[in-house]
Amino acid sequence: MPEATSNVDGGDGIGDDPDGIGDDPGDDGSGNDSGGNDDGNGVRIDLISGARMEGLTGMEKIRLILDGVRDGNIVILEEGLSPDEESKLIEVTMTEINPDEFSGIEIETYPKSDAGDQTLLDRLMGRESAQKLTVIGPANQLQTLHKDETLISALVSRK
Amino acid sequence: MGLLTNLKDSISKVSDRLFADEEPKRIGIYGPPNAGKTTLANRIARDWTGDAVGPESHVPHETRRARRKEGVEIERNGRTVTIDIVDTPGVTTKVDYKEFLDHDMEKDDAVRRSREATEGVAEAMHWLREDVDGVIYVLDSTTDPFTQVNTMLIGIIESQDLPVLILANKTDLPESNIQRVANAFPQHETIPLSALEGDNMDEVYDKIAEYFG
């Protein structure tokens, strides 16, 4: 029983949702409004800018993402995570999986097509091409329909 | 004369060990669930040590703990490469115990298996960041390799500058598509094989020696 389909396209910005996703009442600025889905009328989507993530530590980023996802929100990161942060995200997600409560995350990013082109200087300077739009949601609510190098199409459902 | 020769051989062996290049490299076998990682680990271990590493199964997450087989000596072209094989649980971002119920499992067993699986995946990620010197990445060549887990893991491995050998497994199945795997990760060499049937293992061992020797 899908509630909404979300078509996330890096180039076109398509993603309009007929059910008013993004109303975001009561946002306290933390990026984690625990009451976001309580009204049951829709699925909340948090689009988090690269600037907002920039000042956070790796663990703060992971907490921001997982707290949102565990509340049933879809989290979209403008600039994604570094490989090391992705590795820790998987690890922390695994420790939080709980039968009948949380079965993990669905995550999609565009594949890194420029991995082989990265220079040593880029890597030394920490420029790890992390800038890739990333969609993360609860595994039982977010289903990837199609993914290629330029399009991620996903189905979002209510709990 | 014989005594002297034996003594010389013994001294030579001891000095070889003392002055060996370094400790055996720990090579992690990674990949998504059901790619054939344990089948490969068992194939390598049986070929060179006579022992197996762990049980194989079609049920996902049969391997729920990283298992290490130490001191596997692979001989190629007159030289010996010694590695420790670490067979790891299949990496995923989600584990739902209900999936195990489809494999004739009671709920309690399915919940226990899912808990163990999540611990195993967390452990595998930790190994990848801290404890492996190289990676054999195993993919089921009958399935789409273009998944998020594969993309992320290859990215994580590349970011750590670990040597990685990509294996397109299950070439014995008619749906196998080696080119699709090669296209997904063009920056790396892809070696086809059937770990189950032992097909193309010679090339696999050549590459293990080349990449990790």
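Up top is the structure these notes are about.
Worth saying up front: this structure is predicted, and the values here are computed from it rather than measured.

Conventions we followed
- Residues numbered from 1 in each chain as written.
- Chains lettered and ligands numbered in written order.
- Predicted model: local features only at pLDDT ≥ 70, side-chain atom pairs only at ≥ 80, totals over all residues.
- Contact = placed C-beta atoms within 7 Å.
- Helix = DSSP H or I, 4+ residues; strand = E, 2+ residues; numbered from the N terminus.
- Nonpolar A, V, L, I, M, F, W, Y, C, P; charged D, E, K, R; others polar.
- Expected span 1.5 Å × (residues − 1).
- Buried ≥ 20, exposed ≤ 12 C-beta atoms within 10 Å, placed from the backbone.
- Pairing = 2+ DSSP bridges.

Visitor: I'd like to hear about the interface of chain B and chain A, residue by residue, with values.
Guide: The interface is formed by 23 residues belonging to chain B together with 24 residues belonging to chain A. Of all the secondary-structure elements, those providing two or more residues to the side of chain B that touches chain A are helix H4 (107-130) and helix H5 (148-159) of chain B. Among the elements that take part in the side of chain B that touches chain A, H4 of chain B stands out by supplying nine residues, more than any other. For the side of chain B that touches chain A, the per-class residue count stands at ten nonpolar, nine polar and four charged.

Visitor: An account of helix H2 (residues 37-48) of chain B is requested, with residue identities and associated values reported.
Guide: Residue and element names in this part refer to chain B. When the terminal C-alpha atoms of H2 are compared, their 17 Å separation across twelve residues agrees well with the 16 Å that a helix rising 1.5 Å per residue should span. With nine of its twelve residues buried, H2 lies for the most part within the structure. Where H2 is buried, its residues contact strand E1 (25-30), strand E2 (67-76), strand E3 (79-87), strand E4 (134-140), strand E5 (164-169) and helix H7 (201-212). Directly beyond the C-terminal end of H2, a positive phi value near 90° is found at Gly-50.

Visitor: Can you explain the pairing of strand E6 (residues 142-147) of chain A? Please cite residues and give values.
Guide: All names here are of chain A. Bridge analysis of E6 against strand E7 (residues 152-157) gives five bridges, and the strand direction is antiparallel. Residue Lys-147 lies in a different strand from E7, and its bridge partner there is Ile-152. Linkage of E6 to E7, two consecutive antiparallel strands, is achieved through a turn of four residues.

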